[in-house]
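# A structural walkthrough
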Amino acid sequence: MIRAYLLKRFTSVSDLPLLGQSRSKKIEGTAVICGGSISGLLAARVCSDHFTHVVLIDPELSEVERTKPSTRIAQYDSLHGYLTFVLDGLRRLWPEFDVELRKIGGYVASGDVKPFFGGTLLPAPFEEYEAKAQKLPETMFVRRPKLENLLRKLLLGTPSNVRTLVGSVRGVHVQENFGARVDTVILRGHNGEELTINDPTLVVDCSGDSQAGFRWLKKSGYTMPQDVRREYDQKLYYVTVTFTVDKQLAETLPIPGGYENAGWIYTFVPDYNLGNAGFVLGKMDNDTMQLCCGGWGDVALPLEADEIETYVRSCRGREPAPEWIVDILNRLIKDGSPTFKPLKIRPCSYIRYQDVPNMPSNFIALGDSFLQLNPIYAQGCSKAMMGAITLNALLTQVTPVVSCGKDALPDDFSHKYFSHVGDHGDALWESTKTFDYGFSSTRPVAGETLQTGSFARWYLDMFIEAALKDRKCASAMWHVRMLLAPPTDMFAPSILWKVASNALWSKISRVQY
């Protein structure tokens with residue numbers, strides 16, 4: 001019973017089955033989605049099951065599918081990984097998703113990211129699932145531009161109650177006479193004209209890492225607590241290298257299991273006690289492969305083909321990258337026409353709307369618009385999906401109230417939403433911040449030092465050491481990492497015993513040696 005509570009509090013697993021189920025009687029009103037990237041598309045799809053009208057606003061929505069790269073999304077062409085429950089959610093929202101994914105060249109495979117911690121593999125729990133006659137949960141392999149275009153097509157390519165408006169939201173007006181709520185959304189149309197949407201039933205900020213909703217509320221006269229927005233700079237830099245793999249090249253690559261069965265091939269996870277650089281290699285859609293090289297602070301990223309091998313060999317851990325990985329990369333460099341996309345990642349930030357008193361009852365934020373994490377953990381689309389799942393669960397349970405003769409959301413709707421996603425956000429924020437603080441180049445949150453979370457880092461080190469040797473610990477870490485289990489699973493009594501025993505024996509072994 002306690003674990004069921006923790007599972008519901010810290011993950012979205014228990015609410016996943018509710019996705020894709022339309023209300024028998026929809027709420028009479030308009031949901032306004034401010035931003036048309038992945039979080040906005042998910043929010044619009046969820047709201048289409050609950051409201052009679054949905055308006056999706058974005059300056060780049062003049063056509064259903066993009067024909068040009070986005071100019072507003074920094075990581076648009078960078079490598080993207082997706083946790084397994086993201087695929088699960090997309091399948092529930094669009095039952096035809098797998099078929100459509102294959103049509104654009106994407107595919108699904110096991111959710112094993114093949115993480116090598118300092119050069120040592122932490123195995124995924126294949127045997128645990130095989131014992132239950134199940135497969136390890138799957139993930140998808142598709143580049144961000146392809147995925148976003150697919151979601152746009154699925155949402156907007158057929159007639160529905162979702163309509164688009166090409167423009168940019170510039171602000172909101174909040175009335176506070178009888179409980180705070182957004183009563184007007186102000187936007188600029190694609191021709192520069194000012195437009196307004198009056199009496200929105202729900203306003204969803206999906207503005208991404210600009211976190212524009214925070215500015216809209218402050219501009220409307222809302223007073224925010226001084227420390228409601230927290231920020232630290234992990235000083236992360238990375239470069240995505242994309243290779244084109246034709247049939248002849250594919251046949252020469254020494255990938256374990258073969259090219260056709262490949263998904264994630266190798267992930268070198270840096271150990272902050274040893275080094276600050278890592279890399280990940282995976283097969284993507286349409287016979288492409290991507291290598292992402294990144295690190296914290298002063299790291300010499302490969303920006304040309306002849307620098308890749310040097311970089312990979314320079315990544316420090318217990319063990320160096322294996323020669324078969326270097327062999328694969330050298331073949332890709334030679335015949336795969338590599339292209340490079342370097343990027344400096346924005347600081348991480350967390351707007352704790354759950355701490356803001358008297359939030360507008362019909363305003364929520366989703367994904368990066370309130371929680372921006374280190375993208376190296378592949379939690380960007382995951383945050384968006386978690387927010388969509390939480391929104392859907394609350395809308396499924398809500399009974400609209402009548403205000404001025406119209407359907408309205410209850411006064412506590414926004415508070416409930418931010419309380420739920422705040423539980424998720426707190427766990428994600430603290431876990432990623434704890435790891436990032438292990439690197440001396442990180443600039444911490446105001447009022448904190450890099451010693452903040454030192455005990456949690458120590459325990460994480462001990463846990464990883466145990467997980468590299470014990471399958472039960474490895475399974476706990478895999479499930480927590482995939483957001484399929486609460487982080488408290490890593491502190492279960494049986495796990496604590498294994499971690500403590502491993503730490504003790506390691507210490508005895510060092511003393512004897």
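The following refers to the structure shown. (Residues numbered from 1 in each chain as written. Predicted model: local features only at pLDDT ≥ 70, side-chain atom pairs only at ≥ 80, totals over all residues. Heavy atoms only, no water.)

## Considerations on the environment of Lys103
Along the polypeptide, Lys103 turns up in helix 4 (residues 97-103). Along the sequence, Lys103 and Leu150 sit 47 residues apart, while their C-alpha atoms lie 9.7 Å from each other. (Helix = DSSP H or I, 4+ residues; strand = E, 2+ residues; numbered from the N terminus.)

## A word on the layout of surface pockets
The volume enclosed by the second largest pocket comes to roughly 440 Å³. The wall of the second largest pocket is formed by 20 residues, among which Arg181, Asp199, Ser403, Cys404 and Ala408 lie closest to the centre. When its residues are assigned to classes, the lining of the second largest pocket shows six nonpolar, eight polar and six charged. (1 Å grid on protein atoms, 1.4 Å probe; cavity = no way out; pocket = protein on both sides within 12 Å on 5 of 7 lines; lining within 4 Å. Points joined across faces, edges and corners; volume = space filled by probe spheres on them. Nonpolar A, V, L, I, M, F, W, Y, C, P; charged D, E, K, R; others polar.)

## Considerations on the sheet that holds strand 17 (residues 348-351)
Spatial strand order, 11-17-19: three strands in an open sheet with antiparallel pairing. The sheet terminates laterally at strand 11 (229-232) and strand 19 (371-372), the two strands that pair on one side only. (Pairing = 2+ DSSP bridges.)

## Focus: unusual backbone geometry
Residues apart from glycine generally show negative phi values, whereas peptide bonds are mostly found in trans. If you check the backbone angles, Lys114 has positive phi at about 50° while not being a glycine. Following the sequence through the fold, Lys114 ends up in the loop between strand 3 (107-110) and strand 4 (115-117). Taking relative accessible area as the criterion, Lys114 reaches 28% and is therefore assigned partly exposed. (Buried < 20%, exposed > 50% of the residue type's maximum accessible area, 1.4 Å probe, protein only.)

## Here we look at the pairing of strand 17
Residue alternation in strand 17 divides its side chains into two sets, Cys348 and Tyr350 and Ser349 and Ile351, and both sets are buried. When strand 11 meets strand 17, the two strands line up antiparallel, connected through four bridges. Within strand 17, the residue paired with Glu231 across the bridge is Ser349. Summarising the sheet, strand 17 and strand 19 pair through two bridges and their orientation is antiparallel. Bridging from a neighbouring strand, Ser349 pairs with Gln372 of strand 19.

## Considerations on the packing of aromatic side chains
The final tally for this structure, using the stated rule, is 25 aromatic pairs. Relative to Phe439, the ring of Trp296 lies with its centre 4.2 Å away and its plane at 10°, an arrangement referred to as stacked. Taken together, the positions of Trp296 in strand 15 (residues 288-296) and Phe439 in the loop between helix 12 (413-436) and helix 13 (454-467) put the pair 143 residues apart, joining distant regions of the chain. Just as Trp296 is buried, Phe439 falls in that class too. Centroid distance Tyr417 to Phe418: 5.2 Å. Interplanar angle 75°. Geometry classified as edge-to-face. Considered together, Tyr417 and Phe418 belong to a single accessibility category, that of buried residues. (Phe/Tyr/Trp six-rings, centres within 6.5 Å; stacked < 30°, edge-to-face > 60°.)

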